[in-house]
Amino acid sequence: MDIRRRNNVTVTGSADGPVLLLAHGFGCDQNMWRLVVPALAEHHRVVLFDYVGSGLADPSAWHERRYSSLDGYARDVLDILDDLDLRDVTFVGHSVSAMIGVIAAAQAPRRISRLVMVAPSPRYIDDEGYRGGFSTEDIDELLESLESNYLGWSAAMAPVIMGNADRPELGQELTASFCATDPDMARVFARTTFLSDSRKDLETVTVPTLVLECAQDVIAPREVGAYVHAAIPGSRLVTLVATGHCPQLSAPGATAEAITAFTSAA
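Remember, it's a predicted structure, so these values are computed and weren't measured experimentally. (Residues numbered from 1 in each chain as written. Predicted model: local features only at pLDDT ≥ 70, side-chain atom pairs only at ≥ 80, totals over all residues. Heavy atoms only, no water.)

### What to know about the overall build of the chain
Broken down by element type, the chain carries eleven helices and seven strands. For 266 residues, the compact-globule estimate of 2.2 N^0.38 gives 18 Å, and the C-alpha radius of gyration of the chain, at 17 Å, lies within 12% of that figure. Every one of the 266 residues in the chain was classed for burial, and the buried ones make up 57%. Looking at the chain as shown, the accessible area adds up to about 11,200 Å², and 50% of this sits on carbon and sulfur atoms. Distance from the positive charge centre (21 side chains) to the negative charge centre (35 side chains) of the chain: 7 Å. (Helix = DSSP H or I, 4+ residues; strand = E, 2+ residues; numbered from the N terminus. Rg over C-alpha atoms; globule rule 2.2 N^0.38 Å. Buried < 20%, exposed > 50% of the residue type's maximum accessible area, 1.4 Å probe, protein only. Areas by Shrake-Rupley, 256 points an atom, 1.4 Å probe, with all protein chains shown as cover. Lys, Arg positive; Asp, Glu negative; His and termini not counted. Charge placed at Lys NZ, Arg CZ, Asp CG, Glu CD.)

So this is what it looks like as structure tokens:
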């Protein structure tokens, strides 16, 4: 199988620079990184891709059973690392991809040497002693709405996820990204994302890790950032002066600067 075609892999930046693998979140694709790529590419080799079921990845490679768990998405990551023979990689994962990166790093320690977790959440549902930001009823309602009317759900939820009501073009862009995703594939990825519990996986992290949170984020509130930071010994927590769940779009300069500072110090 042609992995580069399957996952729409693109490579840019400094050929001899340290490698960054940028992984998008649910409902998105590699285009979500476009505002940070120019700054990152000045000193890094930047690898971008789309998960199967997203963006311009090959839809014929999608199988519901594989992509009904985060492990399936981690296998996409591992396939790309193997195909490009990438080593000493900094994996930059947005939202659910932060946890996908944790899973991939545990399986490929010789390939992934650092993690950057952008607006991560190991569990979206509140639990005893843990605040994920949503009740079980909230998530059930969210998934029911998504499954019954995906386009309507996208139009309603994308601006909430993005935040920045004073910059409606950001919410419109995320809405367009959601709506461009195949609804059946999106429903599977949504259930996999919002019903996941990766808190135990955090215990496997042994590589240098940067946790990037936003000052205001309805999807991953600051209690979650604090939890992830506390769960990974030696991790660094940076709070971006940014609103919403997608700082690579709403605060690209600060996001790129934090990533570069981390890789430069590593």
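### Re the packing of helix α5 (residues 136-148) against helix α6 (residues 150-162)
One way to put it is that α5 packs onto α6 with a least axis distance of 5 Å and a crossing angle of 125 degrees. Relative to α6, the element α5 is oriented oblique. Note on element contacts: α6 touches α5 through Y150, W153 and M157, opposite L142, S145, L146 and S148. Grouping the amino acids of the contact of α5 with α6 by side-chain chemistry returns five nonpolar, two polar and no charged. (Axes fitted to C-alpha atoms, helices over the stretch in contact; angles between N-to-C directions. Parallel < 35°, antiparallel > 145°, perpendicular 65-115°, else oblique. Contact = heavy atoms within 4.5 Å. Nonpolar A, V, L, I, M, F, W, Y, C, P; charged D, E, K, R; others polar.)

### Comments concerning the side chain of H24
Residue placement: H24 occurs in the loop between β2 (19-23) and α2 (37-41). At 3.0 Å, the side chain of H24 and the backbone nitrogen of Y51 are in polar contact. (Polar contact = N/O pair within 3.5 Å; in protein donor to acceptor, adjacent residues only side chain to side chain.)

### Things to note about the sheet that holds strand β1 (residues 10-13)
Ordered in space as β1-β3-β2-β4-β5-β6-β7, the seven strands form an open sheet in which the pairing is mixed. Strands at the two margins of the open sheet, each flanked by one partner only, are β1 and β7 (236-243). Here the strands of the sheet are splayed against their neighbours by 20 degrees on average, with no regard to which way each runs. Bridge count between strand β4 (residues 89-94) and strand β5 (residues 112-118): six bridges; the pairing is parallel. Looking across to β5, one finds that H94 is bridged to V118. Each of β2, β4 and β5 touches helix α4 (residues 96-107); the most contacted strand, β5, lies at about 165 degrees to it. (Pairing = 2+ DSSP bridges.)

### Things to note about the pairing of β2
Counting buried positions along β2 yields five of five residues, so the element is predominantly enclosed. Burial along β2 is two-sided: the face carrying V19, L21 and A23 and the face carrying L20 and L22 are both buried. As defined by bridge partners, β2 adjoins strand β3 (residues 45-48) across four bridges and the pair is classed as parallel. Residue pairing for β3: V19 is matched across the bridge by R45.

### Focus on unusual backbone geometry
If you check the backbone angles, N8 has positive phi at about 50 degrees while not being a glycine. Of note, N8 is situated in the loop between α1 (3-6) and β1. If you check the backbone angles, S95 has positive phi at about 60 degrees while not being a glycine. In this structure, S95 sits in the loop between β4 and α4.

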